[in-house]
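What follows is each chain in one-letter form.
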Amino acid sequence: MAAGTVILPQLSCAGSAPEKRIGLQLYTLRDEIPKDVVKVMERVAASGYQEVEVFGYSPSTHFWGFSPGAFAEILDSNNLKAISGHYDFDEYLGPESKLQRFDAYINAASVLKHRYLTIPYINEKFRTSADDYKKLAEKFNQAGEKCQKSGLQLAYHNHAFEFQQFGETTGYDILLAETDPKLVKFELDLYWVVRAGRDPLELFKKNKGRFELWHVKDMDRRDPALNTEVGSGSIDFKKIFAEAGLSGLKNVIIEQENFSIDPFESISRSAAFTKTNLLPNMR
C-alpha cells in the first residue's frame, strides 16, 4: 500500500512563496495505531507532520473505533489535517458497481474535510487486460464526477503492476489516457514507479500536471523490496523534487512499509530530511 504530505498552493501564483506542509500516510504506523489512537496522533504531530492520509475506514468500525467526527476531533487537537484518504473501492470497481460503501466514504471524507478521496489499489481480477483498464478508467471518471458533486477530488494511487505491458501500452498509460484530467488526479507512488523500472521524470514530461500527490518512500540500497527512511535509500529524490512544477504537485505524502529502527524515530528522520533537503529543492 502506500504515505506523508506536503501541500503547495498553486505553483503559478506569482510573488507568493508556496506553503510547504509535510504529512504522513497512516498506513506507515498500522501496527501502532490500534494500540492507542490518541497517543499515536500526538506522536505523529510531534515528529514534524502537519497532515495525514488515512486508510482502513469501515462503515461499521469507522477509524479504529472512532466515528469520523470523533477522529476529526483527535486530529484537530493535534493540529493535523486529513488531506486525503485511501478507501477500499473493490465493490464499486467490480462488475456490480455497488455504491453503498462509496457513499459512506464520501460522508467520512467530508467530515474529515479531505481534499482527495483516493483509490489505493485495483484487485487483480479486475485488471487482466487492456480492455479491463479501459473499463476501470470509465468507472474512475464516473467516480470522479460523483466526488466533485460532494466537493471532493478523486485520485488514484499506483503500485508496480499498472506498468505491465499490454502490447505497446501499459495499464497506467491507459488510465492516464482514458480519464478526464479534471475528474481524476493521480497520487504517484515514487517508490513503486522506480521499482517497476520507470522514470518519474518521464511520466511528468508526458503527462504534465497530472500528479498532484506523491507518495515519498525510499528504496533500501541492499534489498529493493524493502523501504527505508527518506534520504537513506537509493532513490534520487532531489532530482525528482526539482520537477515538482512539471508534475503538478500539491501534496507530498511520506510512507514507509517496514522498519529496521523504531517507527517513530523513522518517521522523524524522514520528515527532517524532507524538510531540510527536498522541500527547498522544489521548483
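This is a predicted model, so every value here is computed, not measured.

The rules behind these values
- Residues numbered from 1 in each chain as written.
- Predicted model: local features only at pLDDT ≥ 70, side-chain atom pairs only at ≥ 80, totals over all residues.
- Heavy atoms only, no water.
- Salt bridge = Lys/Arg side-chain N within 4 Å of Asp/Glu carboxyl O.
- Helix = DSSP H or I, 4+ residues; strand = E, 2+ residues; numbered from the N terminus.
- Buried < 20%, exposed > 50% of the residue type's maximum accessible area, 1.4 Å probe, protein only.
- Expected span 1.5 Å × (residues − 1).
- Contact = heavy atoms within 4.5 Å.
- Pairing = 2+ DSSP bridges.
- Axes fitted to C-alpha atoms, helices over the stretch in contact; angles between N-to-C directions.

K.L.:
Which residues make up the pattern of salt bridges, and what values do they have?
P.N.:
Any two side chains of opposite charge can pair if their charged atoms end up close together. Overall, the coordinates contain 13 salt bridges when judged by the stated rule. For Glu255, the salt bridge goes to Lys217, with nearest N and O atoms at 3.0 Å. Of this pair, Glu255 sits in the loop between β12 (251–254) and α11 (263–278) while Lys217 is found in the loop between β9 (213–216) and β10 (218–219), placing the two residues 38 residues apart along the sequence. The exposure class assigned to Glu255 is buried, which follows from its relative accessible area of 1%. What makes Lys217 buried here is its relative accessible area of 0%. Here Lys217 ties to Glu257 by a salt bridge, and the two come within 2.4 Å at their closest N and O atoms. With Lys217 in the loop between β9 and β10 and Glu257 in the loop between β12 and α11, this pair connects stretches of sequence that are 40 residues apart. Overall, the relative accessible area of 19% leaves Glu257 in the buried class. Connected through shared salt-bridge partners, Asp189, Lys217, Glu255 and Glu257 make up one network.

K.L.:
I'd like a description of helix α4 (residues 100–111), backed by residues and values.
P.N.:
If you check α4, its first and last C-alpha atoms are 17 Å apart, about what twelve residues at 1.5 Å a residue would give, namely 16 Å. Those residues of α4 that sit buried are Phe102, Ala104, Tyr105, Ile106, Ala108 and Ala109. Elements that come into contact with the buried residues of α4 comprise α2 (68–77), α3 (90–93), β4 (116–119) and α5 (130–149). Positive backbone phi, at 60 degrees, marks Lys113, one or two positions downstream of α4.

K.L.:
Let's hear about the sheet that holds strand β1 (residues 23–25): which residues, and what values?
P.N.:
An order of β1-β2-β3-β4-β5-β8-β9-β12 is seen for the eight strands of this closed barrel, with the pairing classed as parallel. Across the sheet, the mean angle from the axis of one strand to that of its neighbour is 30 degrees, orientation sign disregarded. Two elements, strand β2 (residues 51–54) and strand β3 (residues 81–86), share four bridges in a ladder whose sense is parallel. Counted as the bridge partner of Val54 is Gly85 from β3.

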